[in-house]
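Listed below, chain by chain, are the residues.
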Amino acid sequence: MNILIVGSGRVGATLAGLLDDAGHQVTIVDRDRASFAHLPAGSNVTTFLGNGIDLDVLRQVGIDKVDAFLALTDGDNRNLMAAQVAKEIFGVKRAFAKCNDPIRAEIYRAKGLATFSRTSILALLLKAMLEQDPEVGEVLLRQTLALERKLAGEEARDAAPPAAAAGER
Amino acid sequence: MYVIVAGGGDIGFHLAKGLIEAGHEVMVIEQDRHRAQWIEEQLGSVVLNAPADEGRYQLEAGCQRADAVIAVTGEDAKNLVICQLARHNCGPHGRVIARVTDPKNEILFKALGIDETVSSTRVLMNIIEQELPTGGFLPLMPLTGSHLEIIEAEIAPGTPSVGKAVRSVGLPAGSLIGGIVRGGQLLSGTGDAVLQVGDRVIVFAPTAIEAEVRSRLYG
């Protein structure tokens, strides 16, 4: 799939890395160059410096050709605006917006936007963990732990100085 | 009238003050506690210290009975969401008005259901453009799902297209004159229509050749 992500924070960049690994073609837009540092090293994700709610920027990165669009900045309103632009103006079929206010998320979901709230997801997952509810979140939890082990492993490998690597002998 | 002003910055404050002086009932929704206190000291008990982009505070401010909700924060995306939530929460008679900073967002907001927008940038641009003796060349809007846009070119004295028929202006291939506005009337932009000073020509063209359209029509 050809996927466009707006917002290269921790969530956006991690997702971009996962999708890239899975063989998708990923472009990520952020207005802060430093945020691209969140992308995993050596990924093939295309980065674009610009404001992801600006029509011209979205046109420049080829929004009219994407299969899916995800707005994952740290601002609910910017995400809701960007996803609506993708869906209503550029006709992107699958447009997602991160909206951490669960009430706003529901209102926009009722308007046909795919919104999801970190607040609700995390709260339900934590509750399920505490109550040892195996139905909710078991798969998610297993995959999360695997991903985090992998990321931490890559980080340690990249950061290891040659001397430490030599210690393996 | 009962008016809810979302955002108590400089614009929101002076708007609220003016409305109160004109005898209207006003509620300002302002997120910052210090700012909200300051406005209350200036204008009395007309402030709700809360984020205006959360529906429950709009309801608390009484938006079901409001005649208008005006979003005047400094952030276009926030104003859009405030207005869309207000549209959702308000009674059917309530007007919803958004301030936009990026003039492009006026068209965008319309497409997303917010018809009434005010762009101070656009207002200032219009004033300046009216002062210029040379008319204007104004890309109006992009066309959805294409690389095309709509351009308005005002034919000014001394521009290359004055007195020429449309077919001899030499517009680049792929562009099309959709109409000519002359003295408030719409004329068709057929090949033998002759362009006059003061005409506003509406052109459809690929964004990529905007510069060429400009040089032919406007110099």
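Residues numbered from 1 in each chain as written. Chains lettered and ligands numbered in written order. Predicted model: local features only at pLDDT ≥ 70, side-chain atom pairs only at ≥ 80, totals over all residues.

Draft legend 1. Representation of the overall build of chain A in the model. In terms of regular secondary structure, chain A is built from 7 helices and 6 strands. Here the C-alpha coordinates of chain A stretch approximately 60 × 45 × 25 Å along the principal axes. Taken across its 169 residues, chain A has 34% of its residues classed as buried. (Helix = DSSP H or I, 4+ residues; strand = E, 2+ residues; numbered from the N terminus. Buried ≥ 20, exposed ≤ 12 C-beta atoms within 10 Å, placed from the backbone.)

Draft legend 2. Structural detail: the confidence of the model for chain A. On average, residues of chain A carry a pLDDT of 88, and 93% of them reach 70 or more. The low-confidence segment residues 164-169 of chain A, where pLDDT is below 50, has 1 contact with residues more than four positions distant or belonging to other chains. (pLDDT = per-residue confidence, 0-100. Contact = placed C-beta atoms within 7 Å.)

Draft legend 3. How the structure looks around the interface of chain B and chain A. Taken together, the 16 residues of chain B in the interface contact 17 residues of chain A. Of all elements in the fold, only α4 (76-89) and α5 (104-111) of chain B reach the threshold of two or more residues within the side of chain B that touches chain A. Top element by residues in the side of chain B that touches chain A is α4(B). It accounts for 6 residues. Partitioning the side of chain B that touches chain A into residue classes produces 8 nonpolar, 4 polar and 4 charged. (Nonpolar A, V, L, I, M, F, W, Y, C, P; charged D, E, K, R; others polar.)

Draft legend 4. Looking closely at the domain arrangement of chain A. When cut into domains, chain A gives domain 1 (1-116) and domain 2 (118-161). Centre-to-centre separation of domain 1 of chain A and domain 2 of chain A, based on C-alpha positions: 22 Å. (Domains from an automatic or database assignment.)

Draft legend 5. Looking closely at the nonpolar core. Counting 76 residues, the largest nonpolar core has A:F69, A:A83, A:V85, B:I4, B:V5, B:A6 and B:V69 as the members making the most contacts within it. Those residues in contact with A:V85, other than ones at most four positions away along the chain, are A:I53, A:L55, A:L58, A:F90 and B:L108. B:I151, B:I177, B:I180 and B:L195 belong to the second largest nonpolar core, which has 14 residues in total. (Core = buried A, V, L, I, M, F, W, Y, C linked by C-beta atoms within 7 Å.)

Draft legend 6. Spatial organisation of the pairing of strand β9 (residues 176-182) of chain B. Residues and elements named next belong to chain B. Here β9 runs beside strand β11 (residues 200-206); their pairing, made up of 5 bridges, is antiparallel. When the sheet's bridge partners are listed, V181 is paired in β11 with R200. Pairing analysis gives 3 bridges linking β9 to strand β10 (residues 185-187), with the strands arranged antiparallel. Its bridge partner lying in β10, V181 is registered against L186. Remark: 2 residues form the turn of the hairpin made by β9 and β10, two consecutive strands paired antiparallel; G183 in that turn has positive phi of roughly 55°. (Pairing = 2+ DSSP bridges.)

Draft legend 7. Molecular detail of unusual backbone geometry. Residues and elements named next belong to chain A. If you check the backbone angles, Q132 has positive phi at about 50° while not being a glycine. Its place among the elements puts Q132 in the loop between α5 (118-130) and α6 (138-159). Of the residues examined, Q132 has 6 C-beta atoms within 10 Å and is grouped as exposed.

Draft legend 8. Highlighting the domain arrangement of chain B. Domain boundaries in chain B define domain 1 (2-125) and domain 2 (134-217). Its C-alpha centre places domain 1 of chain B at a distance of 37 Å from the equivalent point of domain 2 of chain B.

Draft legend 9. Quick peek at the pairing of strand β5 (residues 94-98) of chain A. Residues and elements named next belong to chain A. Counting buried positions along β5 gives 4 out of 5 residues, so the element sits mostly inside the fold. In this fold, the crossover linking strand β4 (residues 68-71) to β5 by way of helix α3 (residues 76-89) has right-handed handedness. Where β5 lies against strand β6 (residues 114-116), 3 bridges are found, and the strand directions are parallel. Residue pairing across strands places K98 opposite F116, the latter belonging to β6. With respect to chirality, the unit in which β5 leads through helix α4 (residues 102-110) into the neighbouring parallel β6 is right-handed. (Right-handed = clockwise from strand over helix to strand, strands pointing away.)

Draft legend 10. Expanded view of α4(B). Residue and element names in this part refer to chain B. In a regular helix each residue adds 1.5 Å, so 14 residues correspond to 20 Å; α4 covers 20 Å between its end C-alpha atoms and thus fits that length. In terms of burial, α4 is largely enclosed, as 12 of its 14 residues are buried. Here α4 has its buried residues at D76, A77, K78, N79, L80, V81, I82, C83, Q84, L85, A86 and N89. (Expected span 1.5 Å × (residues − 1).)

Draft legend 11. Fine view of the sheet that holds strand β3 (residues 46-49) of chain A. Residues and elements named next belong to chain A. Spatial ordering of the open sheet is given by β3-β2-β1-β4-β5-β6, a layout of 6 strands whose pairing is parallel. The sheet terminates laterally at β3 and β6, the two strands that pair on one side only. Neighbour-to-neighbour, the strand axes of this sheet turn through a mean angle of 20°, independent of strand direction. Direction of pairing for strand β1 (residues 2-6) relative to strand β2 (residues 25-30): parallel, over a ladder of 5 bridges. Pairing of L4 across the sheet is with T27, part of β2. Here α3 sits on the sheet in contact with β1, β4 and β5, set at roughly 175° to β5. (Axes fitted to C-alpha atoms, helices over the stretch in contact; angles between N-to-C directions.)

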